[in-house]
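Coordinate analysis (summary)
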Amino acid sequence: MADAARLEAAAIPQSAASMDGVETVSAKRMRYTWAQLPAHTPRPSPRCSHSATAVPGGLLIYGGGVATPGGKFTHCGDAWLLDEETARWRELEMDDSCARRGHTSVYDARREQLVVFGGVASYDATAGGDGDDVFVADASKLRIYDVGPTSLSLDATPASGEAPGPRRAHVAYAVDDAMVIYGGYTWRVGGADGVSPDDVCAVILEQSTPHVLDLATRTWSRLASGAPDASRGVRGLASTPGALGDMQWRAFRGVALAACAAARGAAFVVGGVSAA
């Protein structure tokens, strides 16, 4: 690891004795030291609302937007890898790109792929395009790329099932063979291109309902009310009709601009703005 970023870990020993059939394990305290990276070139242009995903060998950023003086955005369709050994950026070659911001990306370690979902783009949906924001079209909403050391190659295998609606500022996480999508902003209320007030409840329901993409079969499932089969993990939830209790998700009403992480098969959603 370069001097630009250091990580120190100190083990805290704990008893290894078994208590009532449960073994204790040693814990680790992680201590991070932050430092500004040297201004090497080439490097990605300044941007916001991009995705940053840990992949083998470094950190991969994809897409994003740059605000213009008129209050609109120029959208980026490029991808860059920050090498963890040299702390230098390199742009990845792409055989297909959909410029966007407000999307999510997760890394599928089993297939060594980057899974990109959602976001907004300009009308022409091309790199550098400038126009009023529209949600990324259904044909481009889900993009899956094979991750190589110098390139991202599109895997055009289509997905099936009940996919989430268009959105931005949602959260996504991957665990086992599944990616879960939750929350986000959808269409505006009112106006010629917005949602009618009568449809607001349907929008809230869409935002409040998690969707699961089975990464092995490329099949979407919508999680509804009911009792989950916890022993089968996230993939079990995806294949079990009525996977989450009604009351568990009713209180959330969808969130946008939240943080999300997965640990030991559970999702943690922190903060954000109520999408209701």
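Before reading on, note that the structure itself is shown above.
Residues numbered from 1 in each chain as written. Predicted model: local features only at pLDDT ≥ 70, side-chain atom pairs only at ≥ 80, totals over all residues. Heavy atoms only, no water.

A closer look at the pairing of strand S23 (residues 219–222)
Sheet topology places strand S19 (residues 160–161) next to S23; 2 bridges connect them, and they run parallel. Residue pairing in the sheet places Ser160 in a bridge with Thr219 of S23. With 4 bridges joining them, strand S22 (residues 211–214) and S23 adopt antiparallel strand pairing. Note on S23: the bridge partner recorded for Leu213 is Trp220. (Pairing = 2+ DSSP bridges. Helix = DSSP H or I, 4+ residues; strand = E, 2+ residues; numbered from the N terminus.)

So, the pattern of salt bridges
Between side chains of opposite charge, pairing is possible as soon as their charged atoms come close. Applying the stated criterion to the full structure yields 6 salt bridges. A salt bridge links Arg111 to Asp108, with the shortest nitrogen-to-oxygen separation between them at 2.5 Å. A salt bridge links Arg218 to Asp155; the shortest N-O distance between them is 2.8 Å. Remark: Asp155 occurs in the loop between strand S18 (151–154) and S19 and Arg218 occurs in the loop between S22 and S23; sequence separation between them is 63 residues. Taken together, the shared-partner salt bridges connect Asp108, Arg110, Arg111 and Asp177 into one network. (Salt bridge = Lys/Arg side-chain N within 4 Å of Asp/Glu carboxyl O.)

Quick word on the packing of aromatic side chains
On inspection of all chains with the given rule, the structure shows 2 aromatic pairs. Geometrically, the ring pair formed by Tyr62 and Tyr145 is tilted, given 5.9 Å between the ring centres and 45 degrees between the ring planes. With Tyr62 in strand S6 (residues 58–62) and Tyr145 in strand S17 (residues 142–147), this residue pair connects regions lying 83 residues apart in the sequence. (Phe/Tyr/Trp six-rings, centres within 6.5 Å; stacked < 30°, edge-to-face > 60°.)

Side note on unusual backbone geometry
Geometrically, the link from Thr41 to Pro42 is a cis peptide bond, its omega value of 0 degrees lying close to zero. Looking at where Pro42 falls in the secondary structure, it is placed in the loop between strand S4 (27–33) and strand S5 (51–55). The backbone phi angle of Ala169 is positive, close to 60 degrees, even though this residue is not glycine. With respect to the helices and strands, the residue Ala169 is situated in the loop between S19 and strand S20 (171–175). Ala169 gets classed as buried once you look at its relative accessible area, which sits at 12%. The phi angle at Asp176 is positive, at roughly 55 degrees, despite the residue not being glycine. Among the secondary structure elements, Asp176 is positioned in the loop between S20 and strand S21 (178–182). (Buried < 20%, exposed > 50% of the residue type's maximum accessible area, 1.4 Å probe, protein only.)

Quick word on the sheet that holds S20
Strand order in the open sheet formed by 5 strands is S19-S23-S22-S21-S20, with mixed pairing between adjacent strands. The two strands at the open ends of the sheet, each matched to only one other strand, are S19 and S20.

Digging into the sheet that holds strand S12 (residues 104–108)
The sheet built from 5 strands is open, its strands ordered S11-S18-S17-S13-S12 with mixed pairing. Among the strands making up the open sheet, the edge pair consists of strand S11 (93–94) and S12. The sheet contact formed by S11 and S18 spans 2 bridges and is parallel. Looking at the pairing, Met94 lines up with Leu152 of S18.

Some thoughts on the pairing of S20
Counting buried residues in S20 gives 4 out of 5 residues, a clear majority hidden from the surface. Relative to S21, S20 runs antiparallel, the two being bridged by 5 bridges. Across the sheet, Ala172 pairs through a bridge with Ile181, a residue of S21. Here S20 folds back onto S21 in antiparallel fashion, the turn holding 2 residues, of which Asp176 has a positive phi close to 55 degrees.

Just distances and angles here, no functional claims.
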